[in-house]
Amino acid sequence: WWFTWLQHRLDAFWWMVYQCTYRLKLTAHWLPYFAVLIACAGIDGLTQRQVKRAEFAYASSDRYILAKRSLLLLIAAPFLYSCVPVLIHPLVVPVWGMCVAAAVSLLLGNAQHQI
């Protein structure tokens, strides 16, 4: 009975290793698209910041703090995604990338003018 229990535990462990490598590989396949999307969002955010600076508009510190904190959480999300032992749909990866791009745009667009 002990060896069958051990065999089931080892099978579960190897399935977890397979899931982790699959999810990391899936994220790696999406990374070139994310890089372009995040670069465009960064340029958009910097452009919004320059427009606010030229019009003497205020940068929202609340939006800046919200974007900074959400970006920190979104950076930690892939580590959690690769290790969670439940079924997660693969379309979570592109949604994550779009959320990162939105947070970068919001962060750079509402940065303080003194920087």
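Only a predicted model underlies this, so the values are computations on that prediction, with no experimental measurement involved. (Residues numbered from 1 in each chain as written. Predicted model: local features only at pLDDT ≥ 70, side-chain atom pairs only at ≥ 80, totals over all residues. Heavy atoms only, no water.)

**Student:** Looking at this model, I keep getting lost on helix 1 (residues 2-54). Mind explaining?
**Tutor:** Three or four residues apart is the spacing at which side chains of an α-helix point the same way, because the helix has 3.6 residues per turn. Taking 1.5 Å per residue as the helical rise, helix 1 with its 53 residues ought to reach 78 Å, and the 73 Å between its terminal C-alpha atoms agrees with that figure. Along helix 1, the positions that sit buried rather than exposed are Arg23, Leu26, Thr27, Phe34, Ala41, Gly42, Gly45, Arg49 and Lys52. Those residues of helix 1 hidden inside the fold are in contact with helix 2 (61-83) and helix 3 (92-109). Just downstream of helix 1, Phe56 is the residue with a positive phi angle, here 55°. (Helix = DSSP H or I, 4+ residues; strand = E, 2+ residues; numbered from the N terminus. Expected span 1.5 Å × (residues − 1). Buried < 20%, exposed > 50% of the residue type's maximum accessible area, 1.4 Å probe, protein only. Contact = heavy atoms within 4.5 Å.)

**Student:** Could you clarify how one ought to interpret the environment of Leu87 in this entry?
**Tutor:** The topology assignment puts Leu87 in the loop between helix 2 and helix 3. Among the residues examined, Leu87 registers a relative accessible area of 80% and is labelled exposed. Sequence separation between Leu87 and Gln19 is 68 residues, and the spatial gap between their C-alpha atoms is 9.2 Å.

**Student:** Help me out: how do you make sense of the packing of helix 2 against helix 3 in this one?
**Tutor:** Helix-helix packing is characterised by the crossing angle of the two axes and by the distance between the axes. Two elements in contact, helix 2 and helix 3, have axes separated by 8 Å at closest approach and are oriented at 155°. Between helix 2 and helix 3, the interaxial angle falls into the category roughly antiparallel. Crossing of helix 2 against helix 3: the hand is left-handed. Here Arg63, Tyr64, Ala67, Lys68, Ser70, Leu71, Leu74, Ala77, Pro78 and Tyr81 of helix 2 lie close against helix 3, whose contacting residues are Val93, Trp96, Cys99, Val100, Ala103, Val104, Leu106 and Leu107. The class makeup of the residues in the contact of helix 2 with helix 3 is 15 nonpolar, one polar and two charged. (Axes fitted to C-alpha atoms, helices over the stretch in contact; angles between N-to-C directions. Parallel < 35°, antiparallel > 145°, perpendicular 65-115°, else oblique. Left-handed = near helix turned anticlockwise from the far one by under 90°. Nonpolar A, V, L, I, M, F, W, Y, C, P; charged D, E, K, R; others polar.)

**Student:** Whenever I open this one, the packing of aromatic side chains confuses me. Can you help?
**Tutor:** Each pair of aromatic rings is reported with the distance of its centres and the angle of its planes. For the coordinates displayed, the defined rule picks out seven aromatic pairs. With 5.1 Å between their ring centres and 70° between their planes, Phe13 and Trp14 make a pair best called edge-to-face. Trp14 sits in the exposed class, given a relative accessible area of 54%. A ring pair is formed by Tyr18 and Tyr22, whose centres lie 6.4 Å apart and whose planes are at 20°; its orientation type is stacked. (Phe/Tyr/Trp six-rings, centres within 6.5 Å; stacked < 30°, edge-to-face > 60°.)

Structural measurements only, silent on function.
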